[in-house]
Amino acid sequence: MTNKTVPFSARISVEDAEFISTLAYEGAHTPSDKLRALLAETGSRYYRYYMKLFR
């Protein structure tokens, strides 16, 4: 996977923004950092789940 980033914009609810602000990931301080960490964690879980299905 590449470390290159691209701009991404989305409108989210106040509740979702508050949820993202409560997340705690090592080294993730800004909402953008936290969202990237959440996506990385979700992608990793998704990959592991589907790898188990197709073994």
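Residues numbered from 1 in each chain as written. Predicted model: local features only at pLDDT ≥ 70, side-chain atom pairs only at ≥ 80, totals over all residues. Heavy atoms only, no water.

**Focus on the packing of aromatic side chains**
Across all of its chains, the model carries 2 aromatic pairs by this definition. Relative to Y50, the ring of Y46 lies with its centre 4.6 Å away and its plane at 50°, an arrangement referred to as tilted. Pair noted here: Y46 and Y50 are both in helix α2 (residues 31-53), with a separation of 4 residues, about one helical turn. Relative accessible area serves as the criterion here: at 54%, Y46 is assigned to the exposed category. You can call Y50 partly exposed: its relative accessible area is 33%. The interplanar angle of 90° and the centroid separation of 5.0 Å between the aromatic rings of Y49 and Y50 together place this pair among those described as edge-to-face. When its relative accessible area of 48% is taken as the criterion, Y49 is described as partly exposed. Through pairs of rings, three or more aromatic residues link up here, namely Y46, Y49 and Y50. (Phe/Tyr/Trp six-rings, centres within 6.5 Å; stacked < 30°, edge-to-face > 60°. Helix = DSSP H or I, 4+ residues; strand = E, 2+ residues; numbered from the N terminus. Buried < 20%, exposed > 50% of the residue type's maximum accessible area, 1.4 Å probe, protein only.)

**Topic: the environment of L53**
Its place among the elements puts L53 in helix α2. When the C-alpha positions of L53 and I12 are compared, they lie 33 Å apart, and in sequence the two are 41 residues distant.

**Quick notes on the side chain of K34**
Mapped onto the fold, K34 is located in helix α2. With residues near it in sequence (within four places) discarded, K34 still touches I20, S21, L23, Y25, A28 and H29. (Contact = heavy atoms within 4.5 Å.)

**Quick word on the layout of surface pockets**
What the largest pocket holds in volume is close to 780 Å³. For the lining of the largest pocket, the secondary structure elements donating two or more residues are α1 (14-22) and α2. Ranked by residue count, the leading element in the lining of the largest pocket is α2, at 8 residues. When its residues are assigned to classes, the lining of the largest pocket shows 11 nonpolar, 7 polar and 2 charged. (1 Å grid on protein atoms, 1.4 Å probe; cavity = no way out; pocket = protein on both sides within 12 Å on 5 of 7 lines; lining within 4 Å. Points joined across faces, edges and corners; volume = space filled by probe spheres on them. Nonpolar A, V, L, I, M, F, W, Y, C, P; charged D, E, K, R; others polar.)

**Things to note about the pattern of salt bridges**
Per the counting criterion, the structure on display carries 2 salt bridges. Its salt-bridge partner being E41, residue R45 comes within 3.0 Å of it at the nearest N-O pair. With R45 and E41 both in helix α2 and 4 residues apart, the pair spans about one turn of that helix. The class of R45 is exposed, set by a relative accessible area of 52%. (Salt bridge = Lys/Arg side-chain N within 4 Å of Asp/Glu carboxyl O.)

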